[in-house]
Amino acid sequence: MNEHYTALIAQINDWDHAYYVLDNPVISDADYDQAFKKLLDIETQYPDLISPDSPSQRVGAKPIDDYVKIKHSVRMLSLSNAFNLEETFAFFEKAAKDLELNPADLDIFSEPKLDGLAITLHYDNGLLTYAATRGDGQIGEDVTHTIKTIKSIPLKLNTPTPPKELEVRGEAFMPKAAFIKTNRLALENDSRVFVNPRNAAAGTIRQMNPKVATERDLQFIPYGIGAYEGDQQFTKHSEILAHLQQLGFRKNPESFAFKGDFAAFTDNYQHMENLRLELPMEIDGIVYKVDDLDLQNRLGFIARSPKWAVARKFPAQNDVTQLLAVDFQVGRTGVLTPVARLTPVFVGGATVSNATLHNMDEIKRLDLYIGDDVEIQRAGDVIPKVVKVVTAGSQRDPIVMPEHCPVCQAPVERTEGQAAYRCTGGLTCAAQASERIKHYASRKFMNINNLGTKLVDVLYSTGALKNIADIYSLTADDIATLEGQGDKSAQNVLDSIEASKSTTLGTFVGALGIHEVGEEGAKTIAKYFKNLPAIQAASVEDLQQVPDIGPVMAQNVAHFFSDEKNQAIIEALIAAGVTWPDEPETPATEQPLAGETWVLTGTLAQLTRSEAKAILERLGAKVAGSVSKKTHCVVAGSEAGSKLTQAETLGIKILNEDEFLALVKQET
Ligand code: IVH
């Protein structure tokens, strides 16, 4: 039986490979189904036999109840962008110069830039053990349960001599046809429609329940490897890709090798641009890489991106459609944002029927009326926007800010000197209260992951949740009695609420949803004042002393904490058991960089500027905005410009981000 079972697995995996990787079906559906049924019968009868590479293991994994973080053994990098041919060519001219070569002698490999989600697949002795998202490049999330449903990913590498360890890196994405199908079904079922294939892929992969993913026809195409421990010797990137195909992966279509002269880049781009719409998947550009691995190594990295590869992005796409109406959406902080409702158009691979109009000043600037034909622009990930009026409508209706909030009917006001109009309903406005609760519970802040946005809406409508403090008095009954919920899910919600009680000051301040105070701002404030009473007591002037906190944010923070309603809510949260340690004081003796002046330049991948600055200041250094002879050291992120050049000229010590982090780790 065992041999028969193993042969059946190999057979079905071969058929899957032919169908999902080679696009070349070799068997009828009926025969396939029959074999699959036989496999399931054996597995039901002998559950101990079930092999991890059995095609049955793609489906039926249990839903996860939390995201598990995975630290990448080799960092997952990102790419710097080029927006035209000149920038692309200049990138490789610089690379050639660093290598003391002629650009026309560089072997370049070009691949479509697939618009999905970066994924790393970990194979141990040929078996897929886990899959993770890129996350911040260092730490991603375990998404094995949904990734396993992708049939173009082999569960077992196609080789009798698998490497001990192999990490395959590539893009998981939703082909155009699957995207259209997914959205058609969503419309029919009245569920969420995705704005573009990338969001659809990300939304599917990050589902807790893998069942959803099995129905969504995702694909995976590799573009490189991470950790590798095996016998193959590679000298070129293109060899790695060819090897991955032998191991059972799909090939990125329209990939080419050529010599890096200007004419070759021009031809390649034109070819790809002409082809873009015909490709079965959405691509947002072309990735050009130096093919020779030895040269890649010599070029190395700057901060988070390699100096041997660049993404040439396609320009934004525009189209014309009619403005049908303008609705006003009330955000978490009460701001009313005009949203354009449009006759749906298909632009750059996605159907657009809404676009942002930002604010009333923008509408005035565009001289926009309902009924006009407008040009809309869609650029990659961003929400489509209205660029201009193309033809005035035959009947033009003015766009008017409502006098009363569309959600709670409270009067709408405009703050002097600001573009935004706001609802004055405060915490009594449903849009604001429920949005604030969602913000508080969100992953970025208190991370109450079983209290999702839908559940908040329902609990808000039943009256169980009126403000963020109510979260901590929810009972199992409040939840278990709701449609689609039971005792088990109620307990999960209560557990994650309980777990959220222990937090940090920065997270807590961010979770309060103070206007314009995001994750970073809140952390900066927490680090500066170190405890909540100090923040509560801070005046606008005190707050403006905090690095990176401007006058508007300072005003919002002071205003928030002086409001009695807010004070009462904070007290209730603390009384419910929300707690955090005070931020540590830095003793003066632990300031190894005291007296030094440092300069930060370029983009850092793992830290924000203000975090890096805060670290340096904690270690006693002064952080200056420009390089001079007095500078002790420059930390250069990617795309560092003139400051880096100046530091080089002056012979000042330069650290890249990794070196900086290593040093900081030593010092703290
Ligand atoms: S190479 C070290 N090749 O683009 C560089 N990336 O903007 C590793 N992407 O995170 C990336 N298609 O998710 C590479 N053919 C391709 C790609 C590709 C899509 C994505 C990838 C990466 C992002 C960078």
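Before any of the text, the structure's been laid out above.
Presented here is a report on the structure given in the accompanying data block. This one's a predicted model, so the numbers in the text were calculated from it and none came from an experiment. (Residues numbered from 1 in each chain as written. Predicted model: local features only at pLDDT ≥ 70, side-chain atom pairs only at ≥ 80, totals over all residues. Heavy atoms only, no water.)

### Quick look at the overall build of the protein
Working step 1: Of the regular secondary structure elements, the protein holds 24 helices and 24 strands.
Working step 2: Here the protein has a C-alpha radius of gyration of 28 Å; the compact-globule value for 668 residues is 26 Å, and the two agree.
Working step 3: Seen along its three principal axes, the alpha-carbon backbone of the protein occupies a region of about 75 × 70 × 65 Å.
Working step 4: Counting all 668 residues of the protein, 47% fall into the buried class.
Working step 5: At a minimum sequence separation of 6, the contacts of the protein that also span at least 24 residues come to 68%.
Working step 6: For the protein, the accessible surface area stands at approximately 32800 Å², while carbon and sulfur atoms represent 50% of it.
Working step 7: Each charge sign in the protein was given a centre, from 66 positive and 90 negative side chains, and these centres are 2 Å apart. (Helix = DSSP H or I, 4+ residues; strand = E, 2+ residues; numbered from the N terminus. Rg over C-alpha atoms; globule rule 2.2 N^0.38 Å. Buried < 20%, exposed > 50% of the residue type's maximum accessible area, 1.4 Å probe, protein only. Contact = heavy atoms within 4.5 Å. Areas by Shrake-Rupley, 256 points an atom, 1.4 Å probe, with all protein chains shown as cover. Lys, Arg positive; Asp, Glu negative; His and termini not counted. Charge placed at Lys NZ, Arg CZ, Asp CG, Glu CD.)

### Description of the pairing of strand 13 (residues 309–313)
Working step 1: Across the 5 residues of strand 13, 5 count as buried, placing the element largely inside the fold.
Working step 2: Judged by which residues are buried, strand 13 turns out to be covered on both faces: Ala309, Ala311 and Lys313 on one side and Val310 and Arg312 on the other are all buried.
Working step 3: The sheet contact formed by strand 2 (residues 80–82) and strand 13 spans 3 bridges and is parallel. Opposite Asn81, over in strand 13, you have Ala311 as the bridge partner. (Pairing = 2+ DSSP bridges.)

### Things to note about the site of the ligand
Working step 1: Close contacts around the ligand come from 15 residues, with Glu111, Leu114, Glu171, Tyr223 and Lys289 the closest.
Working step 2: With respect to the ligand, the backbone of Pro112 contributes an N or O atom lying 3.2 Å from a nitrogen atom.
Working step 3: Contact distances for the ligand include 3.0 Å between a nitrogen atom and a side-chain N or O atom of Lys289.
Working step 4: Given that more than half its atoms are within 2 Å of the pocket grid, the ligand belongs to the second largest pocket.
Working step 5: When contributions to the shell around the ligand are tallied by element, the ones reaching two or more residues are strand 3 (107–114) and strand 10 (283–290).
Working step 6: Per-element tally for the shell around the ligand: the top contributor is strand 3, with 4 residues. (Near = heavy atom within 4 Å. Polar contact = N/O pair within 3.5 Å; in protein donor to acceptor, adjacent residues only side chain to side chain. 1 Å grid on protein atoms, 1.4 Å probe; cavity = no way out; pocket = protein on both sides within 12 Å on 5 of 7 lines; lining within 4 Å. Sits in = over half its atoms within 2 Å of the grid points.)

### Thoughts on the packing of helix 3 (residues 85–98) against helix 9 (residues 262–275)
Working step 1: The contact between helix 3 and helix 9 brings their axes to 10 Å, and the two run at 135°. By the angle between their axes, helix 3 is oblique relative to helix 9. In this structure, helix 3 meets helix 9 at a crossing whose hand is right-handed. Where helix 3 abuts helix 9, its residues Leu85, Glu86, Thr88, Phe89 and Phe92 lie against Phe262, Phe265, Thr266 and Tyr269.
Working step 2: Considered class by class, the residues forming the contact of helix 3 with helix 9 number 6 nonpolar, 2 polar and 1 charged. (Axes fitted to C-alpha atoms, helices over the stretch in contact; angles between N-to-C directions. Parallel < 35°, antiparallel > 145°, perpendicular 65-115°, else oblique. Left-handed = near helix turned anticlockwise from the far one by under 90°. Nonpolar A, V, L, I, M, F, W, Y, C, P; charged D, E, K, R; others polar.)

### Points about helix 15 (residues 487–500)
Working step 1: Helix length check: helix 15 (14 residues) gives 20 Å between terminal C-alpha atoms against 20 Å at 1.5 Å per residue, within 8%.
Working step 2: Next to the buried residues of helix 15 lie helix 13 (453–462) and helix 14 (476–480). (Expected span 1.5 Å × (residues − 1).)

### Thoughts on the sheet that holds strand 22 (residues 622–624)
Working step 1: Here we have 4 strands laid out as an open sheet, ordered 22-21-23-24, and parallel in their pairing. Each edge of the open sheet is held by one strand with a lone partner, namely strand 22 and strand 24 (653–656). For this sheet, the mean angle separating the axes of adjacent strands, direction not counted, is 30°.
Working step 2: Of the pairings in the sheet, the one linking strand 23 (residues 633–636) to strand 24 comprises 4 bridges and is parallel in character. Residue Cys633 lies in a different strand from strand 24, and its bridge partner there is Lys653.
Working step 3: The strands touched by helix 23 (residues 642–650) are strand 21 (597–601), strand 23 and strand 24; relative to strand 21, the strand with the most contacts, the crossing angle is about 135°.

### Focus on the environment of Ala186
Working step 1: Checked against the element boundaries, Ala186 lands in helix 5 (residues 176–188).
Working step 2: With a relative accessible area of 5%, Ala186 lands in the buried category.
Working step 3: Ignoring any residue separated from it by four or fewer positions in sequence, one finds Ala186 in contact with Ser191, Arg192 and Val193.

### With respect to the layout of surface pockets
Working step 1: Counted as a void, the largest pocket has a volume near 1800 Å³.
Working step 2: Contributing to the lining of the largest pocket are 44 residues, with Gln207, Met208, Gly452, Thr453 and Lys454 lying nearest its centre.
Working step 3: Elements with a contribution of two residues or more to the lining of the largest pocket: helix 5, helix 6 (197–205), helix 12 (430–441), helix 13 and helix 15.
Working step 4: Here the lining of the largest pocket is composed, by residue class, of 16 nonpolar, 17 polar and 11 charged.
Working step 5: Space inside the second largest pocket adds up to approximately 1400 Å³.
Working step 6: Partitioned by chemical class, the residues of the lining of the second largest pocket number 20 nonpolar, 14 polar and 15 charged. (Points joined across faces, edges and corners; volume = space filled by probe spheres on them.)

### Quick look at the packing of aromatic side chains
Working step 1: Summed over the entire model, instances satisfying the criterion amount to 19 aromatic pairs.
Working step 2: A ring pair is formed by Phe258 and Tyr288, whose centres lie 6.1 Å apart and whose planes are at 80°; its orientation type is edge-to-face. Within this pair, whereas Phe258 is found in strand 9 (residues 256–259), its partner Tyr288 is found in strand 10, the two being separated by 30 residues in sequence.
Working step 3: Phe258 sits in the buried class, given a relative accessible area of 14%.
Working step 4: Owing to a relative accessible area of 1%, Tyr288 belongs among the buried residues under this scheme.
Working step 5: Grouped by ring-pair contacts, the aromatic residues Phe89, Phe91, Phe92, Phe258, Phe262, Phe265 and Tyr288 constitute a single cluster.
Working step 6: Across the ring face of Tyr269, the terminal group of Arg312 is positioned such that the distance to the ring centre comes to 3.7 Å. (Phe/Tyr/Trp six-rings, centres within 6.5 Å; stacked < 30°, edge-to-face > 60°. Lys NZ or Arg CZ within 6 Å of the ring centre and 35° of its normal.)

### Observations concerning the nonpolar core
Working step 1: By size, the foremost hydrophobic cluster in this structure holds 51 residues, and its most contacted members are Tyr440, Phe508 and Leu573.
Working step 2: Examining the composition of this core, we find that 6 residues originate from one element, helix 20 (residues 551–562), more than from any other.
Working step 3: When neighbours within four sequence positions are excluded, Leu573 is seen to be in contact with Tyr440, Ile468, Ala469, Tyr472, Phe508, Leu512 and Val578.
Working step 4: Of all hydrophobic cores here, the second largest spans 32 residues; its members include Ile150, Ala178, Ala201 and Ile240. (Core = buried A, V, L, I, M, F, W, Y, C linked by side-chain atoms within 4.5 Å.)

### Describing the sheet that holds strand 10
Working step 1: The 5 strands lie next to each other as 2-13-10-3-9, forming an open sheet whose pairing is mixed. Looking along the sheet, the strands with just one partner apiece sit at the ends: strand 2 and strand 9. Geometrically, the sheet is characterised by an average inter-axis angle of 35° between neighbouring strands, direction not taken into account.
Working step 2: Where strand 3 and strand 10 come together, 7 bridges link them in antiparallel fashion. Considered in strand 10, the bridge of Ser110 is made with Tyr288.
Working step 3: Each of strand 2, strand 3, strand 10 and strand 13 is contacted by helix 3, which is oriented at about 175° to strand 13, the strand it contacts most.
Working step 4: Helix 8 (residues 237–246) contacts strand 3 and strand 10 of the sheet and is inclined by roughly 50° relative to strand 3.

Function-wise, these values are silent; they only describe arrangement.
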